[in-house]
Amino acid sequence: MMRYIFVTGGVISSLGKGITAAALGTLLERRGLKISLQKLDPYLNVDPGTMNPYQHGEVYVLEDGAETDLDLGHYERFTRVKLSKINNTTTGQIYEAVIQQERQGKYLGKTVQVIPHVTNEIKSRIMRVAQSSGCDVLITEIGGTTGDIEGLPFLEAIRQMALEVGPERALFVHVTYVPFIKSAGELKTKPTQQSVAKLREIGIQPHVLVCRSDHPLTNEVRAKLSLYCNVPIEGVIEELDVQHTIYEVPLMLQKEKLDELVCRHLKLELPEADLSDWKSFVEKIIHPSHRLSIAVVGKYIGHQDAYKSIYEALTHAGAFLSCGVEVKKVDAEEIEAKGAESLLQGVDGILVPGGFGSRGIEGKIETAKYARVNKIPYLGLCLGMQTAIIEFSRNVVGLSDAHSTEFDPKTVHPVICLLEEQKNLSQLGGSMRLGSLLCKLIPNTKAYEAYGRESSKERHRHRYEVNNSYKPILEKFGMKVSGTTEQGELVELVELENHPWFLGCQFHPEFQSRPNSPHPLFVAFLKASLEHRYQKH
Ligand code: GLN
């Protein structure tokens, strides 16, 4: 008896619908249920892999190499679920499948329409996740905001599904916004009323309203929302802006009895969720014993979601070391304009994330130099590793025009280059080296010490590689390869020998960091940064 929870969003975007869905997942999982989570995105791109992070934030990579919406990162961090490419579906994928079936004659001469063909395809994607995960409860989040044209087929599909499975097996949660209007000195319920009216127009009556607000809901406001939106009063749930960390959300929703209500509606009799470890994790974030200032030098710094998993991984490792991490966001192009010293002086550690394209590259190279010369702990992720190698080749090995062929296809010293199989690709989407691959760690290195084991499976998303013909000279000058692919064909990790802690990895460790299980490289990086800080003072 599988149950379905559908999460929709109203009034405005960026309400943290994904975090709400994930936090509900936390609560249900800790009541003993097997859950899964799924995101349906109404845009026409097949996946977000080809989208600019400024548009869409980070591309989150799953174990199987799927390039997905960043909400899947929240799902994996808030719960124990392992997701795969079927957990993120877009309108692009739906139409691709429908058109393919039409070309194959599968519709037997019928006129192919949004209802029932597109909606059937959407429903089959929901069922596929439910069945293949074998979960008790599937939480399906619909991207976008109620009222968007693109969202309509998804709303129609979930309406039909709820009807098909019956009222006790389906629940609609609407995440909405209740603004506080300063001049009136009160919370306003009208936007929520209108958004719920839009849902009812299509035949969906929400059972729960999760009300995002920066002011507590008064009893009067709760009563008004209940009456006008036709939701029982206990279904009006307050979700205030968090004070310290997003990991407070499950605790807040538990206090509001959201999980109790959900279980009652779905006829699930279960013990209360035990969140004691979650609480102590949150406590460690709120009351750290140490502080650290870590610079993140990237080109999408202005967008708060572009490096989401990295910021979360720093929080997880920080909590583990009881250390509050203050992230100093530095634009790589500003380093080019003002120099590294003026922007990075005084930080305890420097992290350079992944990226694509040449904008800001020289700033990243200069950042690596600043960390190397001043012996500041450095963690380079993917492009952050590649730029560190370019810097080292230029300034230590003496190959003054060393570069990656991504940025200078004619460089005399292509220390980073394309593999043969990547050279003649015409399709950009889904064609990188993607997903979980084994990295073999070399003994007697900082990487090996950080992991405390011989290998690790890590998630990848890149096209360019370290050029193996430069390996001997890099090693000769003190940049050691500390991790490779299983048979040693490709470089996965490098580190500096004459430096307290300077490490770059070709993969993305940030995607595997979890609240109570931080990634070893992030922990080692912050430990080194703490040592550096206390040495300075
Ligand atoms: N642009 C680089 C490559 O494709 C790095 C990618 C990344 O940082 N994710 O190899």
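Everything that follows concerns the structure shown earlier in this document.
Computed from a predicted structure; not experimentally measured.

About the criteria used
Residues numbered from 1 in each chain as written. Predicted model: local features only at pLDDT ≥ 70, side-chain atom pairs only at ≥ 80, totals over all residues. Heavy atoms only, no water. Axes fitted to C-alpha atoms, helices over the stretch in contact; angles between N-to-C directions. Helix = DSSP H or I, 4+ residues; strand = E, 2+ residues; numbered from the N terminus. Parallel < 35°, antiparallel > 145°, perpendicular 65-115°, else oblique. Contact = heavy atoms within 4.5 Å. Nonpolar A, V, L, I, M, F, W, Y, C, P; charged D, E, K, R; others polar. Near = heavy atom within 4 Å. Polar contact = N/O pair within 3.5 Å; in protein donor to acceptor, adjacent residues only side chain to side chain. Areas by Shrake-Rupley, 256 points an atom, 1.4 Å probe, with all protein chains shown as cover. Buried < 20%, exposed > 50% of the residue type's maximum accessible area, 1.4 Å probe, protein only.

## Focus on the packing of helix H1 (residues 17–29) against helix H10 (residues 258–265)
Their axes nearest at 10 Å, the elements H1 and H10 cross at an angle of 70°. With respect to their mutual orientation, H1 and H10 come out roughly perpendicular. Here H1 contributes Leu24, Leu27 and Leu28 to the contact with H10, which in turn contributes Leu258, Asp259, Val262 and Cys263. Of the residues in the contact of H1 with H10, the class split is six nonpolar, no polar and one charged.

## Here's the deal with the site of the ligand
Surveying the vicinity of the ligand reveals the residues Gly354, Gly355, Phe356, Cys382, Leu383, Gln386, Glu406, Arg461, His462, Arg463, Tyr464 and His508. Side-chain polar atom of glutamate 406 to a nitrogen atom of the ligand: 2.7 Å apart, as the coordinates give it. Residue arginine 461 places a main-chain N or O atom 2.8 Å away from a nitrogen atom belonging to the ligand. Here the ligand loses 99% of its free accessible area of 300 Å² to cover by the protein chains. Of all the secondary-structure elements, those providing two or more residues to the shell around the ligand are helix H16 (383–397) and strand E19 (455–462). Residues of the shell around the ligand, tallied by class, amount to four nonpolar, five polar and three charged.

## Remarks on unusual backbone geometry
Across the junction of isoleucine 115 and proline 116, the peptide omega takes the value 10°, indicating a cis bond. Here proline 116 shows up in helix H5 (residues 114–133). The phi dihedral of serine 14 is positive, around 60°, even though this residue is not glycine. Its place among the elements puts serine 14 in the loop between strand E1 (3–9) and H1. Overall, the relative accessible area of 75% leaves serine 14 in the exposed class. Even without glycine at this site, cysteine 382 takes up a positive phi of about 60°. With respect to the helices and strands, the residue cysteine 382 is situated in the loop between strand E15 (378–381) and H16. A residue is classified by how much of its surface remains accessible, and cysteine 382, at 5% relative accessible area, is buried.

In short, shape yes, function no, at least from these values alone.
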